[in-house]
Amino acid sequence: MTVVATVLGAGAFAASSFYDQYGTPRTPVSVRSWQLRPETYATSDCRGCHGEAAAATNGLAHARLLCEACHVPSVDHPGPVAGVVQMLPAPNESDCVTCHASLPGRPAGFAQVAVDAHYAGAECLSCHDPHTSTATKPPEVTHPLAHLPTCATCHAPLGLKSYPVNHDPAPDNVCLSCHRLGAGVGVGSQ
Amino acid sequence: MTDRVTTLAHISRRSLLKAAAVSVPCLIGGGAIFEALTTLTSTPVPTVDPIVANYDAAAHRWGFVVDTAACIGCGKCVVACKTENGVPFDEEHTRTWIERRTLTSSGAVIAQAPDAGIAGFADAPLPVAASEIVDSKFVARLCMQCELSPCTTVCPVGATYRTADGVILVDEARCIGCGYCVVACPYGARYLVPAGARTPTGVAGVADKCTFCYHRVTRGQQPACVEVCPVGARKFGDLNDATSEVSVILRDQATRVLRPELGTKPRVHYLGLEDRLA
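Residues numbered from 1 in each chain as written. Chains lettered and ligands numbered in written order. Predicted model: local features only at pLDDT ≥ 70, side-chain atom pairs only at ≥ 80, totals over all residues.

1. Thoughts on the overall build of chain B
Convention followed: A run of H or I in DSSP counts as a helix once it spans at least four residues, and a run of E counts as a strand once it spans at least two, with each numbered from the N terminus. Buried residues are those with 20 or more other C-beta atoms within 10 Å of their own C-beta, exposed residues have 12 or fewer, and partly exposed residues lie in between; C-beta atoms are placed from the backbone. Residues are treated as contacting if the C-beta atoms built from their backbones sit within 7 Å of each other.
Counting its regular elements, chain B contains seven helices and 11 strands. Out of the 278 residues belonging to chain B, those deemed buried represent 40%. A separation of at least 24 residues holds for 62% of the contacts in chain B among residues at least 6 apart in sequence.

The following block contains the structure:
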């Protein structure tokens, strides 16, 4: 009985010491594959060439981002084509909401907006510059825009460019009875 | 007959105590002798060519920290991983994924990982009302690179191995695609490469999993997911270096691993993940 106990005991210890001790010789194919694996991300200094875009992020939240978080991996960089350096893809609406839509689970301190309530109907990029991320573009918004949201989207009491206090919220056709698209300021008949 | 039974019972009762008194020290002693013998006689695992030239695996001990308090669930890491490693862009075959774990007022934890989190969670509504949400966190998942890894133990051909720096890798040339490791992994971190997928060696049918981007880290770089994370929620570094970010976090802050009760000793640690969500 003691012999059996000893053998069992030794076996138990053997099992525990052998557990996960495998380190098999790698085959040459496998070894070579690691040496040949290409990298696709962070393979080049994007900001070195794209100084303007890089400068726009200076001191802002997006400065810490890898360009490839929104743009294509640097290994897929199209390179100079007929003198023009292209960077794909073009800025996309989903690039913004992927990170900045207000969602359960997101840290409270992270910049996020309720997409349905924040200028509903307006494209993020018609106001926001993706590099600076701040809403710096309204002055550049030209009226009319083909996809223009309703006037009140931006020209609401708490909107980006609010209307005077003597105005009441009104549907577009009321606004347009006085204001002309493209003129911006009120040039109506009143 | 009755006599025999009585005798047996008598003997076994007495000898049980005796045997216990003798066998317990024997068990410990025998084990200790065995351990000493194996330590004395065991030869180091035969080293073959370094996996990457000019890289000394024994000099490193890689560690990974996922900061769930910072993760925003954007899915950039999943996209980067799949792009970097030729992983199919679907939910079933993935090296890393993001899980949103939500504790509801009824006490249930809802786990969601739509498309592995490739496109984030902006279009993934929770099946409960906002008022019922008690807590919610994005929990990035990947291979835990366990110190005591079930996957290496079950592999019948030794295709899954652990390097000296602690990373578990798969030798695609040895793997026979039996899938034991896929089933054995308690973290669901492995998959079999489907036909037509672009793999490091172009082999479909072999097991694949997160390698900590071994081709990158052996060249002194960070894994692709760590590079791309816009909020720094993924941190990777050398635990042998006491000043590395991961070392400092593990020393100074309360972290946890997933399913510690399994005794797998994961090398991926979670920061800001409460027990109630883990």
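Right, picking up where we left off after that structure.
2. Describing the overall build of chain A
When you go through chain A residue by residue, the secondary structure sums to seven helices and two strands. What you see in chain A, going N to C, is helices and strands ordered as α-α-α-α-β-β-α-α-α. Looking at the 190 residues of chain A, the share that counts as buried comes to 16%. Here the contacts in chain A between residues at least 6 apart in sequence split such that 52% fall between residues at least 24 apart.

3. Digging into the sheet that holds strand β2 (residues 97-104) of chain B
Residues and elements named next belong to chain B. Convention followed: For two strands to be treated as a pair, DSSP must find no fewer than two bridges joining them. Only the stretch in contact is used when fitting a helix axis, every axis being a line fitted to C-alpha atoms; angles between N-to-C directions are given from 0 to 180 degrees.
Strand order in the open sheet formed by three strands is β3-β2-β4, and the pairing between neighbours is antiparallel. The sheet is open, and its two edges are formed by β3 (109-112) and β4 (133-141), each paired on a single side. Direction aside, the axes of adjacent strands within the sheet are offset by 20 degrees on average.

4. Structural notes on the environment of K76(B)
Note that K76(B) resides in helix α2 (residues 76-85). Each C-alpha atom of the pair K76(B) and A130(B) lies 25 Å from the other, and the pair is 54 residues apart in sequence. Residues within four places of K76(B) in sequence aside, it is in contact with A69(A), V228(B), C229(B) and P230(B).

5. Things to note about α2(B)
Residues and elements named next belong to chain B. Burial analysis of α2 places nine of its 10 residues in the buried class, which makes it a mostly covered element. Looking only at α2, the buried set comprises K76, C77, V78, V79, A80, C81, K82, E84 and N85. Looking one or two residues beyond α2, the residue adopting positive phi is G86, at roughly 65 degrees.

6. Observations concerning the pairing of β2(B)
Residue and element names in this part refer to chain B. For β2 and β4, the ladder comprises eight bridges, and the chain directions are antiparallel. Within β4, the residue paired with R100 across the bridge is F138. Of the pairings in the sheet, the one linking β2 to β3 comprises four bridges and is antiparallel in character. For R100, the partnering residue across the bridge sits in β3 and is Q112. The hairpin turn running from β2 into β3, its antiparallel successor, is four residues long, and G107 in that turn takes a positive phi close to 95 degrees.

7. Quick look at the sheet that holds strand β11 (residues 268-271) of chain B
Residues and elements named next belong to chain B. Spatial strand order, β9-β1-β11-β10: four strands in an open sheet with mixed pairing. Only two strands of the sheet have a single neighbouring strand rather than two, namely β9 (234-238) and β10 (255-256). One ladder, built from five bridges, connects strand β1 (residues 62-67) with β9; its direction is antiparallel. For V65, the partnering residue across the bridge sits in β9 and is K235. Helix α7 (residues 245-252) rests against β1, β9, β10 and β11 of the sheet, and its axis sits at about 100 degrees to β9.

8. Section: unusual backbone geometry
Residue and element names in this part refer to chain B. In this model, A116 sits at a positive phi of 65 degrees, which is unusual for a non-glycine residue. One can find A116 in the loop between β3 and β4. A residue is classified by how many C-beta atoms lie within 10 Å of it, and A116, with 24 of them, is buried. Of note in the backbone geometry, C213 takes a positive phi value of approximately 50 degrees without being a glycine. Looking at where C213 falls in the secondary structure, it is placed in the loop between β8 (207-208) and α5 (214-217). With 26 C-beta atoms counted inside 10 Å, the residue C213 sits in the buried group.

9. Here we look at the environment of S136(B)
You can see S136(B) is positioned in strand β4. By C-beta crowding, S136(B) is classed as buried, having 20 other C-beta atoms within 10 Å. With 35 residues separating them along the chain, S136(B) and R101(B) place their C-alpha atoms 5.6 Å apart. Every residue in contact with S136(B), bar those within four places of it in the chain, is listed here: P104(A), G105(A), R100(B) and T102(B).

10. Here's the deal with the environment of P230(B)
Within the fold, P230(B) resides in the loop between α6 (224-228) and β9. Through-space distance from the C-alpha of P230(B) to that of T211(B) is 21 Å; in sequence the pair is 19 residues apart. Those residues in contact with P230(B) that lie beyond four places of it in its chain are L65(A), A69(A), C99(A), C74(B) and K76(B).

11. Description of the nonpolar core
Residues and elements named next belong to chain B. Rules: For this entry, the nonpolar core is defined as buried Ala, Val, Leu, Ile, Met, Phe, Trp, Tyr and Cys residues connected by C-beta atoms within 7 Å.
Membership of the largest hydrophobic core comes to 64 residues, with the highest contact counts inside it found for C77, V78, A80, A140, F212, C225 and V228. Elements with a minimum of two residues in this core: β1, α2, β2, β4, β6 (168-170), α5, α6 and β11. A per-element tally of this core places α2 first, with five residues. Once residues within four sequence positions are removed from consideration, C77 is found in contact with T96, A140, C225, V228, C229 and R234.

12. Thoughts on the confidence of the model for chain B
Residue and element names in this part refer to chain B. To be explicit about the condition: Each residue gets a pLDDT score, which is the predictor's confidence in that residue and runs from 0 to 100.
A residue-level look at chain B finds 80% of positions with pLDDT of 70 or above and a mean pLDDT of 85. This stretch, residues 41-48, has a pLDDT under 50; its non-local contacts, to residues over four places away or in other chains, come to four contacts. Taken over the whole predicted complex, pTM reads 0.75, whereas the ipTM for its chain interfaces reads 0.73.

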